[in-house]
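A structural walkthrough
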Amino acid sequence: ENDYSIFPNPFENSITITVSGLETFVYREGSGPPLVMLHGMAATSDCWTYTIQKLKASYTTIAPDLPGHGHATGHAYPYGLDFYLRWLEGLLEALTIEKPILMGASMGGALSLAYTVAHPDRVERLILMATAGEFKLQPMLKLALSLPIWLLKIIEPFTRKWLFASPQTLKQ
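A brief report on the enclosed structure follows. (Residues numbered from 1 in each chain as written. Predicted model: local features only at pLDDT ≥ 70, side-chain atom pairs only at ≥ 80, totals over all residues. Heavy atoms only, no water.)

By the secondary structure assignment, Pro-64 is in strand 4 (residues 60–64). As for Pro-64 and Leu-91, which are separated by 27 residues in sequence, their C-alpha atoms are 8.8 Å apart. Setting aside residues up to four positions removed in sequence, Pro-64 forms contacts with Thr-24, Phe-25, Val-26, Met-37, Leu-38, His-39, Ser-45, Trp-87 and Leu-91. (Helix = DSSP H or I, 4+ residues; strand = E, 2+ residues; numbered from the N terminus. Contact = heavy atoms within 4.5 Å.)

Written out as structure tokens, the structure is:
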């Protein structure tokens, strides 16, 4: 029977490491060239479950939870592209990955692209999926994110089942 818990962990090889001062949860499976898979905003590394199952025979698949998402810490940290670039560099260093294939979806694709532009000699290949430079929010989410942070923290327990990032992270 399938397990549909909010944060399934079907991988035996998951680890938690500290990157840029934040606990980072990483799925790591397979063998071969390193393939780092970065999820989008309000998602988790769990979105790569089926992709990992298909690719782990040919690649070392590495799927972290980005800071402020899923099992990672730092939900109230002030994020920006510069922070995520430093975090990704720290992640690759902590995992001793010199020249990965970067695969990114949505915001993870924007991060992968920015890293590749900044460090073209450190990326073997780049795979982008549904990546955009600017995201338009639905009116209800835009309204919700206009609320003050203290109120977003109060409603967080009610939103974690359908938003895989805290409301204050999404606001920032």
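There's plenty left to go through after this.
The terminal C-alpha atoms of helix 3 (residues 107–118), which comprises 12 residues, lie 16 Å apart, in line with the 16 Å expected from a rise of 1.5 Å per residue. Among all positions of helix 3, only Met-107, Gly-108, Gly-109, Leu-111, Ser-112, Ala-114, Tyr-115 and Thr-116 are buried. Of the surrounding elements, those touching the buried residues of helix 3 are strand 3 (34–38), helix 2 (81–94), strand 5 (101–105) and strand 6 (125–129). (Expected span 1.5 Å × (residues − 1). Buried < 20%, exposed > 50% of the residue type's maximum accessible area, 1.4 Å probe, protein only.)

Another point: helix 2. Relative to the 20 Å expected for 14 residues at 1.5 Å per residue, helix 2 spans 20 Å between its end C-alpha atoms, a close match to the ideal helical length. When we look at burial in helix 2, the residues that qualify are Phe-83, Tyr-84, Leu-85, Trp-87, Leu-88, Leu-91 and Leu-92. Within two residues after helix 2, Thr-96 carries a phi angle of roughly 50°, on the positive side.

With the exception of glycine, the majority of residues adopt a negative phi angle, and the majority of peptide bonds are in the trans configuration. Unusually for a residue other than glycine, Ala-42 sits at a positive phi of about 65°. Note on placement: Ala-42 falls in the loop between strand 3 and helix 1 (49–55). Even without being glycine, Ser-106 reaches a positive phi, approximately 55°. Topologically, Ser-106 is positioned in the loop between strand 5 and helix 3.

Once that is clear, we can look at the sheet that holds strand 6. Sheets are built from strands paired through backbone hydrogen bonds, the pairs being either parallel or antiparallel. A sheet is described by the order of its strands in space; here 6 strands give the open sequence 1-2-4-3-5-6, paired in mixed fashion. Looking at which strands have only one partner, the edges of the open sheet turn out to be strand 1 (14–19) and strand 6. Sheet twist, expressed as the mean angle between neighbouring strand axes with direction ignored, is 25°. The sheet contact formed by strand 5 and strand 6 spans 5 bridges and is parallel. The partner of Leu-102 across the bridge, within strand 6, is Leu-126. Running at roughly 125° to strand 1, helix 2 makes contact with strand 1, strand 2 (22–30), strand 3, strand 4 and strand 5 of the sheet. Helix 3 contacts strand 3, strand 5 and strand 6 of the sheet and is inclined by roughly 145° relative to strand 5. (Pairing = 2+ DSSP bridges. Axes fitted to C-alpha atoms, helices over the stretch in contact; angles between N-to-C directions.)

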